[in-house]
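# Fold and geometry: a report
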Amino acid sequence: MSAIAAVLHIGIILGGPSWYRFFGAGERMATAAQAGHLYPTIVTSCIALVLAAWSAYAFSGAGLLARLPFLELALVLITIVYLLRGLAILPLISIAKVPPTPFLVWSSLICLAYGLVHMIGLMQMWRTS
């Protein structure tokens, strides 16, 4: 799933401003991309690289790649980040009174799903070791 998200972020860079808008990156990012600024490309590339690294750790944990350093710790931290990002919408809406935009809702649900899948994978990994 992280690999799909990484590829999608690369697609957003290649797709340009309309893709930034469609995927909810915000008008500032889309306008900056349209103006030829490097900022949207750099930010989106960094996100893609992080997601690619997380994907490699997931594949390693599943036994599809060679064992990577600090595998268990990395998978636990990745899982926590996904879960926290997925659940962050709750205090944003209830305490900070941030309006729940479609991007915020969908990205939170996606991250929560990723985190739950990672958590299930971790539990399976720990049962077999």
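Let us now look at the side chain of Ser55. For Ser55, the position within the fold is in helix α4 (residues 39-61). Using a relative accessible area of 7% as the deciding quantity, one classes Ser55 as buried. The contacts of Ser55, once residues within four sequence positions are left out, are Ser2 and Ala3.

This next bit is on the pattern of salt bridges. Charged atoms that come close allow side chains of opposite charge to pair. Applying the stated rule across the entire model yields two salt bridges. Among the salt bridges present, the one from Arg21 reaches Glu27, with a minimum N-O distance of 2.9 Å. Note on Arg21: relative accessible area 35%, which makes it partly exposed. In this structure, the salt-bridge partner of Glu72 is Arg67, at a minimum N-O distance of 2.5 Å. In this structure Glu72 comes out as partly exposed when scored by relative accessible area, which is 33%.

To continue, consider the nonpolar core. In this structure, Leu51, Trp54, Tyr57, Leu75, Ile78 and Tyr82 are the most contacted members of the largest nonpolar core, which totals 14 residues. Contributing elements (two or more residues each) for this core: α1 (2-15), α4, α5 (71-87) and α7 (102-128). Of the residues forming this core, the biggest block, five residues, is contributed by α5. Apart from the residues lying within four places of it in its own chain, the contact partners of Tyr57 are Leu68, Pro69, Phe70, Leu71, Ala74, Leu75 and Ile78.

Calculation criteria
Residues numbered from 1 in each chain as written. Predicted model: local features only at pLDDT ≥ 70, side-chain atom pairs only at ≥ 80, totals over all residues. Heavy atoms only, no water. Helix = DSSP H or I, 4+ residues; strand = E, 2+ residues; numbered from the N terminus. Buried < 20%, exposed > 50% of the residue type's maximum accessible area, 1.4 Å probe, protein only. Contact = heavy atoms within 4.5 Å. Salt bridge = Lys/Arg side-chain N within 4 Å of Asp/Glu carboxyl O. Core = buried A, V, L, I, M, F, W, Y, C linked by side-chain atoms within 4.5 Å.

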